[in-house]
Amino acid sequence: MFRQLMGAIAAGVMMVSTAAVAESVKIGFVTTLTTGAGVVGRDMRDAVDLAVDHIGGKMGGLNVEVIYEDDGFRPEIGKQKTEKLVQKDKVNFVAGYIWSHVLLASYKTVVNAGSFLISSNAGPSQLAGKLCHENFFSTSWQNDQTPMAMGEVLNQRGIKSLYIMAPNYAAGKNMVAGVERTYNGNVVAKDLTKFPDQLDFSAELAKVRSASPDALFVFYPAKHGTQFFKQYQQSGLRGKVPLYSVFTVDSMNLPLLKDQAEGSLMTQFWAPDLDTAA
């Protein structure tokens, strides 16, 4: 992913108006470095540092300078940090962003200033639609895509009734829209839970038990996923209502989940057991 990011930035270096006389290419990178979600952002920062090392610290013959900013998992802080990068630091590129609501809050600050914006993770549908802009690039996905694949899997597995749960923010809404776009069965109910504050899903899981669907589909990233799996098991639904998910099980929370995730199924763009050398 970050090789693609650096490649995209390098390709645009010569388009920067001051490139001929500049001493460096300045990249602002916004991610979450504190709070419980900081484990994701710190992985991203380490990956960028590694990518810069791989290219010898240069793009287009210029030194690369990366300025990291912490959005604190909050859109208003992300917007403030983005404004600082564009207006004070005068970066040529702004990159990063884990969370769709943070990216959406920061988006216009960058593209309205004529700078390049490159998302490393967040892929809200608006940026592939009505907010599409020639200076916006993504090295990841559009949020609806992975759950659209899940909808097809549910069809193939003969799931006739489905209960849906996701957090009530931009990415959560996209995940719900994606699975509904391709799933042909009956959605018996949908719960959009408070984000990021809600970590207790017992009331929603009780509703799932009452509805008794063929399957449950969820999207709960980071610590929300860890909490969800724990409560799903405690609720007694495991083994009774099969669990399907996207972006809920990953390399960071799998060691914590251990066997709690066993038996669930997800669609994903990558898995460690793919039969490729990489």
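Values in this document were obtained by computation on a predicted structure and should not be read as measured data. (Residues numbered from 1 in each chain as written. Predicted model: local features only at pLDDT ≥ 70, side-chain atom pairs only at ≥ 80, totals over all residues. Heavy atoms only, no water.)

Undergrad: How do you make sense of the sheet that holds strand β2 (residues 58-59) when you look at a structure like this?
TA: Two orientations exist for strands paired in a sheet by backbone hydrogen bonds: parallel and antiparallel. Within the open sheet, the six strands sit side by side as β2-β3-β1-β4-β5-β6. Their pairing is mixed. Sheet topology places β2 and β6 (136-138) at the edges, where each strand pairs with a single neighbour. By the bridge criterion, two bridges tie β2 to strand β3 (residues 62-70) in an arrangement that is antiparallel. Each bridged residue has a counterpart across the sheet, and for M59 the counterpart in β3 is L62. Sheet strands touched by helix α3 (residues 75-88): β1 (24-31), β3 and β4 (93-96). Its angle to β3, the strand with the most contacts, is close to 155°. (Pairing = 2+ DSSP bridges. Helix = DSSP H or I, 4+ residues; strand = E, 2+ residues; numbered from the N terminus. Contact = heavy atoms within 4.5 Å. Axes fitted to C-alpha atoms, helices over the stretch in contact; angles between N-to-C directions.)

Undergrad: For this particular structure, what's the right way to read the sheet that holds strand β11 (residues 265-266)?
TA: One open sheet holds the five strands; their spatial order is β8-β7-β9-β10-β11, and the pairing between them is parallel. Only two strands of the sheet have a single partner each, and these edge strands are β8 (186-193) and β11. In the sheet, strand β7 (residues 161-167) pairs with strand β9 (residues 215-218) via four bridges, with the strands oriented parallel. Bridge pairing in β9 links Y163 to L216.

Undergrad: Would you take a moment to explain the side chain of T32 for this structure?
TA: You can see T32 is positioned in the loop between β1 and α2 (38-54). With a relative accessible area of 0%, T32 lands in the buried category. Among the polar contacts made by the side chain of T32, one reaches the side chain of D71 at a distance of 2.7 Å. (Buried < 20%, exposed > 50% of the residue type's maximum accessible area, 1.4 Å probe, protein only. Polar contact = N/O pair within 3.5 Å; in protein donor to acceptor, adjacent residues only side chain to side chain.)

Undergrad: Please explain the pattern of salt bridges as it appears in this structure.
TA: Side-chain pairing between opposite charges can occur once the charged atoms of the two side chains come close. By the definition in use, this model includes eight salt bridges. Residue D89 pairs with K84 through a salt bridge whose shortest N-O separation is 2.8 Å. Overall, D89 belongs to the buried group, its relative accessible area being 13%. Given the relative accessible area of 27%, K84 is considered partly exposed. Salt-bridge contacts for E180 lead to K190; the nearest nitrogen and oxygen are separated by 3.3 Å. Of this pair, E180 sits in helix α6 (residues 170-182) while K190 is found in strand β8, placing the two residues 10 residues apart along the sequence. Using a relative accessible area of 32% as the deciding quantity, one classes E180 as partly exposed. Among the residues examined, K190 registers a relative accessible area of 45% and is labelled partly exposed. (Salt bridge = Lys/Arg side-chain N within 4 Å of Asp/Glu carboxyl O.)

Undergrad: Looking at this model, I keep getting lost on helix α5 (residues 145-156). Mind explaining?
TA: Think of an α-helix as turning once every 3.6 residues; residues three or four places apart then point the same way. Between its first and last C-alpha, α5 extends 17 Å over 12 residues, near the 16 Å set by a 1.5 Å rise per residue. Where α5 is concerned, the buried positions are T146, P147, M150, G151, V153 and L154. Relative to the axis of α5, the buried residues are bounded by an arc of 160° and lie together on one face. On its buried face, α5 is in contact with β7, α6, β9, β10 (243-245) and β11. Where α5 terminates, the next one or two residues include G158, which has phi positive at roughly 75°. (Expected span 1.5 Å × (residues − 1). Arc of directions from axis to C-beta.)

Undergrad: For this particular structure, what's the right way to read the side chain of Q198?
TA: Looking at the secondary structure, you find Q198 in the loop between β8 and α7 (202-211). Here K194 takes part through its backbone nitrogen, which lies 3.2 Å from a polar atom of the side chain of Q198. Polar contacts involving the side chain of Q198 include one to the main-chain carbonyl oxygen of D200, which spans 3.0 Å. Excluding its chain neighbours within four sequence positions, the residues that come into contact with Q198 are T193, E204 and H224.

Undergrad: Whenever I open this one, the packing of aromatic side chains confuses me. Can you help?
TA: Each pair of aromatic rings is reported with the distance of its centres and the angle of its planes. If you walk through the whole model with that rule in mind, you get 17 aromatic pairs. Ring centres of F73 and F195 lie 5.8 Å apart, and the angle between their planes is 85°; on these two criteria the pair is classed as edge-to-face. Pair noted here: F73 is in the loop between β3 and α3 and F195 is in the loop between β8 and α7, with a separation of 122 residues, a long-range link. Judged by relative accessible area, F195 falls into the buried class, the value being 15%. Between the aromatic rings of F228 and F229, the centroid separation amounts to 6.3 Å while the plane-to-plane angle is 85°, which identifies the pairing as edge-to-face. Taken together, F73, W99, W141, Y169, F195, F219, F247 and F269 form an aromatic cluster joined through their ring pairs. (Phe/Tyr/Trp six-rings, centres within 6.5 Å; stacked < 30°, edge-to-face > 60°.)

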